[in-house]
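A structural walkthrough
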Amino acid sequence: MLEKENAKELDVQLDWVQSYIGSPEKLQQLYKRTLLVVVISQIFGGAGLAAGVTVGALLAQDMLGTDSVTGIPTALFTLGSAGAALFVGRLSQRFGRRSGLAAGFLAGGIGAIGVVMSALTNSILLLLISLLIYGAGTATNLQARYAGTDLANSTQRAKAISMAMVSTTLGAVAGPNLVDYMGGFAISIGIPALAGPFILAAAAYILAGLVLLILLRPDPFIVAKAISDVQSTSSNLPLKEDSNLLSINKRGIFAGAAVMVLTQFVMTAIMTMTPIHMGHHGHSLKEVGLVIGFHIGAMFLPSLVTGYLVDKIGRSFMAIASAITLLISGVLAALGPDDSMAVLITALALLGLGWNFGLISGTAILVDAAPPSTRAKTQGSVDVLVALSGALGGVLSGMIVAGSSYSTLTLVGGVLSLVLIPVMIWSHKNKK
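Residues numbered from 1 in each chain as written. Predicted model: local features only at pLDDT ≥ 70, side-chain atom pairs only at ≥ 80, totals over all residues. Heavy atoms only, no water.

Brief notes about the packing of helix H13 (residues 303-313) against helix H15 (residues 341-369)
Two elements in contact, H13 and H15, have axes whose closest approach is 10 Å; the angle formed by their N-to-C orientations is 45°. With respect to H15, the axis of H13 lies oblique. Remark: the crossing between H13 and H15 carries right-handed chirality. For the pair H13 and H15, the contacting residues are Ser-303, Thr-306, Gly-307 and Val-310 in the first and Asn-356, Phe-357, Ile-360, Ser-361 and Ala-364 in the second. (Axes fitted to C-alpha atoms, helices over the stretch in contact; angles between N-to-C directions. Helix = DSSP H or I, 4+ residues; strand = E, 2+ residues; numbered from the N terminus. Parallel < 35°, antiparallel > 145°, perpendicular 65-115°, else oblique. Left-handed = near helix turned anticlockwise from the far one by under 90°. Contact = heavy atoms within 4.5 Å.)

Right, dumping it as structure tokens:
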């Protein structure tokens with residue numbers, strides 16, 4: 001009886017999967033719908049991410065009273081994003097992208113509310129705990145890029161990643177430039193000005209989570225995994241050449257992880273201390289918002305072009321381009337005049353662009369290397385390392401600047417990024 005029930009269930013699954021395999025149009029419609037939903041959610045998610053990043057260090061400086069610990073907020077919400085990345089990855093592997101991503105964004109919104117309450121009550125403990133929870137939004141914002149790849153083939157993956165990321169630009173650029181307005185709004189309702197952007201972050205993250213929870217149906221990862229499972233067990237359905245169903249490329253996973261981890265470390269370290277550095281040289285909060293806005297815009301806006309280049313000229317080439325761009329950014333920030341807005345904007349824009357090259361090329365390498373049977377879980381685990389590298393960069397950045405200078409920090413970061421070059425050469429030489 002049990003065998004008959006299992007056979008019947010398999011037949012139903014075969015029919016369901018066959019409806020997608022037998023209809024490229026239907027699968028393409030689902031692919032486009034998935035990207036549209038991800039785009040909408042990422043617009044909100046970008047605003048939530050950027051608003052907190054812009055003033056997190058400044059809020060900590062105000063509440064803690066010292067520059068040497070201003071890297072702690074970035075360290076905390078990136079550390080929180082590490083735990084969230086693991087959770088979102090495991091949840092997505094078991095229940096699909098919809099459940100994992102919605103839960104992560106909603107948790108980030110709750111964390112942002114906690115930051116506002118901590119500023120209102122002047123509670124350092126609540127601030128630290130809330131920043132940790134707020135990190136869930138950061139992790140989810142990044143993990144959403146994977147949802148676009150679930151139904152893409154190997155020649156479309158980088159472009160799919162880029163479409164998910166570029167949609168973050170609108171919210172990410174708007175967020176920092178709403179700092180003054182949100183600060184004024186916060187003051188009008190009796191909340192400290194620096195907590196204002198976190199009000200925006202809370203609303204944005206919660207809206208992003210609700211969009212995914214309501215609209216991401218059918219779930220793209222569940223569809224892709226079901227197709228993979230049936231293709232790998234049924235002799236009636238052909239295997240796609242680029243599906244990479246059964247093999248795990250450990251070398252590719254390591255290379256993709258290395259690119260994302262190192263670029264995240266360098267970018268986070270320099271970005272964290274830039275607002276503090278600008279404050280010491282007389283720049284206003286509005287100018288800080290402008291510089292960070294250009295930086296975050298460069299992190300996401302070039303994504304469509306980057307995705308095309310990664311698919312067209314290769315993952316390794318663009319990873320090396322990431323290293324060179326980060327080096328140029330670090331040297332420019334170190335050698336340029338401290339009071340020059342043009343230099344700061346250019347250096348931080350290049351920092352964002354280098355990160356963009358690294359994230360998209362590294363993500364494509366990782367997706368290529370992991371089969372659907374373990375893909376979401378592997379992606380979550382790698383994003384844990386990415387988040388931890390960001391946390392380490394945030395902590396060390398404050399210490400380096402306190403013990404030396406901002407120029408030292410940017411030069412060290414630029415030189416360190418060159419490690420990507422031998423990693424990519426090693427990876428390329430060992431490809432079969």
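Examining the pattern of salt bridges
On inspection of all chains with the given rule, the structure shows six salt bridges. The shortest N-O distance in the salt bridge between Asp-150 and Arg-97 comes to 2.8 Å. In this pair, Asp-150 sits in the loop between helix H5 (124-147) and helix H6 (157-166) while Arg-97 sits in helix H4 (residues 97-121), placing the two residues 53 residues apart along the sequence. On the basis of relative accessibility, which here comes to 1%, the residue Arg-97 falls in the buried class. The network of salt bridges with common partners includes Arg-157, Lys-159, Asp-311, Arg-315 and Asp-368. (Salt bridge = Lys/Arg side-chain N within 4 Å of Asp/Glu carboxyl O. Buried < 20%, exposed > 50% of the residue type's maximum accessible area, 1.4 Å probe, protein only.)

A look at the confidence of the model for the protein chain
On average, residues of the protein chain score 82 in pLDDT, and 85% of them are at 70 or above. Per-residue pLDDT, averaged within each element of the protein chain, yields its smallest value for helix H1 (residues 2-21) (54) and its largest for helix H14 (residues 315-335) (94). Taken together, the stretch residues 237-245 has pLDDT below 50 and engages in 26 contacts with residues farther than four places along the chain or on a different chain. (pLDDT = per-residue confidence, 0-100.)

Here's the deal with helix H9 (residues 196-215)
Side chains of residues three or four places apart in an α-helix project in the same direction, reflecting 3.6 residues per turn. Over its 20 residues, H9 extends 29 Å from the first C-alpha to the last, a length consistent with the 28 Å expected when each residue adds 1.5 Å. All of the buried residues along H9 are Gly-196, Pro-197, Phe-198, Leu-200, Ala-201, Ala-202, Ala-204, Tyr-205, Ala-208, Gly-209, Val-211 and Leu-212. (Expected span 1.5 Å × (residues − 1).)

Digging into the nonpolar core
Of all hydrophobic cores here, the largest spans 82 residues; its most connected members are Leu-59, Phe-198, Leu-351 and Trp-355. Of the residues forming this core, the biggest block, 14 residues, is contributed by H15. Excluding its chain neighbours within four sequence positions, the residues that come into contact with Leu-351 are Val-266, Met-267, Ile-270, Met-271, His-295, Leu-326 and Ser-329. Tyr-20, Leu-27, Leu-35 and Ala-160 belong to the second-largest nonpolar core, a separate cluster that totals eleven residues. (Core = buried A, V, L, I, M, F, W, Y, C linked by side-chain atoms within 4.5 Å.)

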